[in-house]
Amino acid sequence: MTLPTNFKMPSDWTIEHHFNDYLKRVGLDPRRILPHQLHEMRRTFYAAFGIALLHLRDDVGTLSDNDAVTAMEIHMQDVAKYFTNEVGRKEK
């Protein structure tokens, strides 16, 4: 695929930026994580990001706009539910 030459990706749209944003959101300081742990976290994050992009392209991209929005909302609810359960587990 040839990328358009007139598109400039905003610096805060990079996957690395999203990874660092994720670390901040979950309260992790990369300076306090062992290097091999940080490497595995980054690897897992990039893999999940890639799978999500493939899902958006191959599955959600085939839906009507309304159905695509509904599918994305369901995914957002699933993620919120997962993290709510994770927080609940840590507090017990």
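Provided above is the structure to which this section pertains.
Now for a description of the structure that goes with this document. (Residues numbered from 1 in each chain as written. Predicted model: local features only at pLDDT ≥ 70, side-chain atom pairs only at ≥ 80, totals over all residues. Heavy atoms only, no water.)

## Description of the pattern of salt bridges
To be explicit about the condition: Note on definitions: salt bridges are taken to be side-chain nitrogens of Lys or Arg within 4 Å of carboxyl oxygens of Asp or Glu. Starting at the N terminus, helices and strands are each numbered in turn, a helix being any DSSP run of H or I of at least four residues and a strand any DSSP run of E of at least two. Note on exposure labels: buried denotes an accessible area under 20% of the residue type's maximum, exposed denotes more than 50%, and partly exposed covers the range between, all computed with a 1.4 Å probe on protein chains only.
The final tally for this structure, using the stated rule, is five salt bridges. A salt bridge links E16 to R42; its shortest N-O distance comes to 2.9 Å. Within this pair, whereas E16 is found in helix 1 (residues 15-25), its partner R42 is found in helix 2 (residues 35-58), the two being separated by 26 residues in sequence. Classification of E16 by relative accessible area gives partly exposed; the value is 26%. What makes R42 partly exposed here is its relative accessible area of 27%.

## Some details on the nonpolar core
As a reminder of what qualifies: The term nonpolar core refers to a set of buried residues drawn from Ala, Val, Leu, Ile, Met, Phe, Trp, Tyr and Cys, joined through side-chain atoms within 4.5 Å. The criterion used for residue contact is that any of the two residues' heavy atoms lie within 4.5 Å.
If you look at the biggest cluster of nonpolar residues, it comprises five residues: F19, L23, I33, L38 and F45. Within the residue set of this core, elements represented by two or more residues are helix 1 and helix 2. Those residues in contact with L38, other than ones at most four positions away along the chain, are F19, L23, P30 and I33.

## Here we look at the environment of M72
Considering the arrangement of structural elements, one finds M72 in helix 3 (residues 65-91). Along the sequence, M72 and L3 sit 69 residues apart, while their C-alpha atoms lie 26 Å from each other.

## Describing the packing of aromatic side chains
Put simply, the test is: Pairing of aromatic rings covers Phe, Tyr and Trp, the last through its six-membered ring, and needs centres within 6.5 Å; plane angles under 30 degrees mean stacked, over 60 mean edge-to-face, and all others mean tilted.
Evaluation of the coordinates by the stated rule reveals four aromatic pairs. Each member of the aromatic cluster is reached from another via a ring pair, and the members are F19, Y22, F45 and F49.

## Overview of the packing of helix 1 against helix 2
Where we set the bar: Throughout, an axis means a line fitted to C-alpha atoms (over the contacting stretch in the case of helices), and angles, computed between N-to-C directions, take values from 0 to 180 degrees. Orientation categories follow fixed angle ranges, with anything under 35 degrees roughly parallel, anything over 145 roughly antiparallel, 65 to 115 roughly perpendicular, and all other angles oblique. Two helices cross in a left-handed way if the nearer one is turned anticlockwise from the farther one by less than a right angle. They cross in a right-handed way if the turn is clockwise. Gly falls in the polar group here, along with every residue not listed as nonpolar (Ala, Val, Leu, Ile, Met, Phe, Trp, Tyr, Cys, Pro) or charged (Asp, Glu, Lys, Arg).
Axis separation between helix 1 and helix 2 bottoms out at 10 Å; the angle between their running directions is 120 degrees. Between helix 1 and helix 2, the angle falls in the class oblique. The two elements helix 1 and helix 2 cross, and the hand of that crossing is right-handed. Contact residues: helix 1 offers I15, E16, H18, F19, Y22 and L23, while helix 2 offers L38, M41, R42, F45, Y46 and F49. A per-class count over the contact of helix 1 with helix 2 returns nine nonpolar, one polar and two charged.

Spatial relationships are all this shows, so hold off on functional conclusions.
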